[in-house]
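# Structural overview for review
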Amino acid sequence: MTPKDSDRDPKELYQERVERIADTVALKETDRVPYIYLTRFWNAKLADMTSKDTMYDVEKSISSNRKAIELLQPDAFGAANYAYGQALEKLDYHPLEWPGGGAADDVCFQYIDKELMVPDEYDEYLFDPTAFYLQKYLPRIATGFEGLKHFPNFPTLSEWNIIYNLRAFANPELQESFKTLMEVGEMVDHSMTKMTEFIKEMMEAGYPMAIGGFCKAPYDHIVDFLRGSKGGMLDMFRHEERVLKTLDILTEYIPRTMMKTASRLPGKIVFIPLHWGLDGFMSPDQFDKFFWPSLRQVIVVLIENNLIPCVLWEGDCETRLETIADVPAGKC
């Protein structure tokens, strides 16, 4: 920011930055390349803190992010807040190691590749994804969720059976999970409330909020969260029909969730980091069958609802360039 800019009205700067990003998305020439600030833990290093400091103390997370934004003067920013260390500990969350929680104090968190759904459970997931998540998937990813395996199947119940099945809530394991989840919920709410205040502060200072949502490609959702890398690879050969049916469901679910999320946030960009649709993992034919059709549909639905997909290809996708160019121009 030049000295002249520092004297300008933050509202004027805010609008200028919004327009610069919008023009870039629309493929219009701009006065300069826009820059969006989004990080994991660089803010901690800038402020002479450890990654653990900003994962366990939301005030440190905020102060270090404020320092980074004031230094870099970005055209927009993402709320780089991961101050959920205590919540993750209390939950005993398994698919992640984080600074102070299985990983060294000054590194980034690490995702652990796990098989959390076996092939025979595709049909159960397809029949009732919500029941599968409540009673099987969530208890596998964290000790704090284990009691949910006793949660009643309410959609199958009516009349007095609803009342009879309330007995499940007297189960000590279910009650213990509820107590844990309420404590964890308060921890997460505290961190997010503080971060919401910080977002408002930065927007009033002239910085637009960039990221209004986050989702995965439908195929990545299966591999990252359910089947793991080995299972996801083998399923393309052994369980093709089940994978394709699951992709159909997720293609409907994911944009629907994004509509609700984006309506609560000022940013219109939906961040979509991609993992498994790359040259090193699947062939072009597999990409055309398992990865691209569902991802493209998610992208199109987001665009139709006035959101901006920001698709990050985390690796080489050179053989797919012509295919992935098949999206509405100037919209993502």
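Predicted model, so just to flag it, every value in this text is computed and none were measured. (Residues numbered from 1 in each chain as written. Predicted model: local features only at pLDDT ≥ 70, side-chain atom pairs only at ≥ 80, totals over all residues. Heavy atoms only, no water.)

### Remarks on the overall build of the protein
Worth spelling out the cut-off: By definition, any uninterrupted DSSP run of H or I lasting at least four residues is a helix, any uninterrupted run of E lasting at least two residues is a strand, and each is numbered from the N terminus. Radius of gyration: over C-alpha atoms. The globule rule applied is 2.2 Å multiplied by the number of residues raised to the 0.38 power. With a 1.4 Å probe rolled over the protein chains alone, any residue whose accessible area is under 20% of its type maximum counts as buried; one over 50% counts as exposed, and the rest are partly exposed. Values of accessible area rely on a 1.4 Å probe in the Shrake-Rupley scheme; residue burial ignores everything except the protein chains shown. Charged residues are defined here as Lys and Arg on the positive side and Asp and Glu on the negative side; His and the ends of the chain fall outside this count. For charged residues, the charge sits on one atom: NZ in Lys, CZ in Arg, CG in Asp, CD in Glu.
Within the protein, the secondary structure is distributed over 14 helices and eight strands. In terms of C-alpha radius of gyration, the protein reaches 22 Å, essentially the compact-globule figure of 20 Å for 332 residues. If one aligns the C-alpha atoms of the protein with their principal axes, the spans along those axes are about 70 × 45 × 45 Å. For the protein, the residues scored as buried account for 42% of the 332 residues in total. If you sum the accessible surface of the protein, you get close to 17,800 Å²; carbon and sulfur atoms cover 54% of it. For the protein, the distance from the average site of its 36 positive side-chain charges to the average site of its 53 negative ones is 2 Å.

### Regarding helix H2 (residues 10–25)
Put simply, the test is: By this rule, a helix spans an expected 1.5 Å times one less than how many residues it contains. When we speak of the arc, we mean the arc of directions from the helix axis to the C-beta atoms. Polar contact is the term for a pair of N or O atoms within 3.5 Å; when the atoms are in protein, one must be able to donate a hydrogen and the other to accept it, and sequence-neighboring residues count only if both atoms are side-chain atoms.
The terminal C-alpha atoms of H2, which comprises 16 residues, lie 23 Å apart, in line with the 22 Å expected from a rise of 1.5 Å per residue. Inspection of H2 places Leu13, Arg17, Arg20, Ile21 and Val25 among the buried residues, and these make up the whole buried set. For H2, the angular spread of the buried residues around the axis is 135 degrees, confining them to a single face. A side-chain oxygen of the first residue of H2 lies 3.1 Å from the backbone nitrogen of Lys11; this N-cap is Asp9. Residue Leu27 follows H2 closely and has a positive phi angle near 65 degrees.

### Quick look at a nonpolar patch on the surface
Note the threshold: Candidate patch residues must exceed 30% relative accessible area and have no salt bridge, after which like charges are joined if within 9 Å and Val, Leu, Ile, Met, Phe, Trp or Tyr side chains if within 5 Å. Salt bridges are identified by distance alone: a Lys or Arg side-chain nitrogen within 4 Å of an Asp or Glu carboxyl oxygen.
Side chains of Trp160, Ile162, Ile163, Tyr164 and Leu166 sit close together on the surface and give an oily, nonpolar patch of about 540 Å² of accessible area. Structurally, the position occupied by Ile162 is in helix H9 (residues 160–164). When its relative accessible area of 34% is taken as the criterion, Ile162 is described as partly exposed.

### Regarding unusual backbone geometry
Excluding glycine, residues mostly have negative phi values, and the peptide bonds linking residues are mostly trans. A positive phi is found at Leu27, a non-glycine position, where the angle reads about 65 degrees. Topologically, Leu27 is positioned in the loop between H2 and strand S1 (36–37). Accessibility expressed as a relative area gives 65% for Leu27, which makes it exposed. Phi at Gln73 takes a positive value of approximately 50 degrees, unusual for a residue other than glycine. Inspection of the secondary structure assignment puts Gln73 in the loop between helix H5 (58–72) and strand S2 (76–77).

### What about the confidence of the model for the protein?
To keep things clear, this is the line we draw: Known as pLDDT, the predictor's confidence for each residue is given on a scale from 0 to 100.
Taken over all residues, the pLDDT of the protein has a mean of 93, while the share at 70 or more is 96%. The least confident element of the protein is helix H1 (residues 3–6), whose mean pLDDT is 56; the most confident is helix H6 (residues 85–91), at 98.

### Some points on the sheet that holds strand S5 (residues 110–111)
Think of a sheet as strands paired side by side through backbone hydrogen bonds, with each pair either parallel or antiparallel. Stated precisely, the cut-off is as follows: Whether two strands pair comes down to DSSP finding at least two bridges between them.
Strands sit in the order S4-S3-S5 across an open sheet of three strands; the sheet is mixed. Each edge of the sheet is formed by a strand with only one pairing partner; in this case those strands are strand S4 (102–103) and S5. Of the pairings in the sheet, the one linking strand S3 (residues 96–99) to S5 comprises two bridges and is antiparallel in character. Residue pairing across strands places Glu97 opposite Gln110, the latter belonging to S5.

### Comments concerning the sheet that holds strand S7 (residues 269–274)
We count it as follows: Fitted lines through C-alpha atoms give the axes, limited to the stretch in contact for helices. The angle between two N-to-C directions lies from 0 to 180 degrees.
Strand order across the open sheet formed by three strands is S6-S7-S8, with parallel pairing between neighbours. The outermost strands of the open sheet, each flanked by one partner alone, are strand S6 (211–214) and strand S8 (308–313). Here the average twist between neighbouring strands, direction ignored, is 30 degrees. When S6 meets S7, the two strands line up parallel, connected through three bridges. In the sheet register, Phe214 faces S7, and the bridge partner there is Phe271.

### Details of H5
Rules: Only heavy atoms enter the contact rule, under which two residues are in contact if any of them lie within 4.5 Å.
Helix length check: H5, at 15 residues, gives a terminal C-alpha distance of 21 Å against a target of 21 Å (1.5 Å per residue), a fit within 8%. Among all positions in H5, only Val58, Ser61, Ile62, Ser64, Asn65, Ala68 and Ile69 are buried. Looking at the buried side of H5, the elements it contacts are S1, helix H3 (42–46), helix H4 (51–56), S2 and helix H10 (172–204). The distance from a side-chain oxygen at the start of H5 to the backbone nitrogen of Glu59 is 3.0 Å, and the residue carrying that oxygen is Asp57. Once H5 ends, the next one or two residues include Gln73, with phi positive near 50 degrees.

### Some words on the nonpolar core
Going by this rule: Nonpolar cores were defined as sets of buried Ala, Val, Leu, Ile, Met, Phe, Trp, Tyr and Cys residues, with membership established by side-chain atoms within 4.5 Å.
Among the nonpolar cores identified, the biggest contains 49 residues, and Tyr219, Phe291, Trp292, Leu295 and Trp313 are the most heavily contacted of them. Setting aside residues no more than four positions away along its own chain, Trp313 makes contact with Leu274, Gly277, Leu278, Phe287, Phe291, Trp292, Leu295 and Ile324. The next biggest cluster of nonpolar side chains, apart from the first, holds 13 residues, and it includes Ala68, Phe198, Met202 and Met209.

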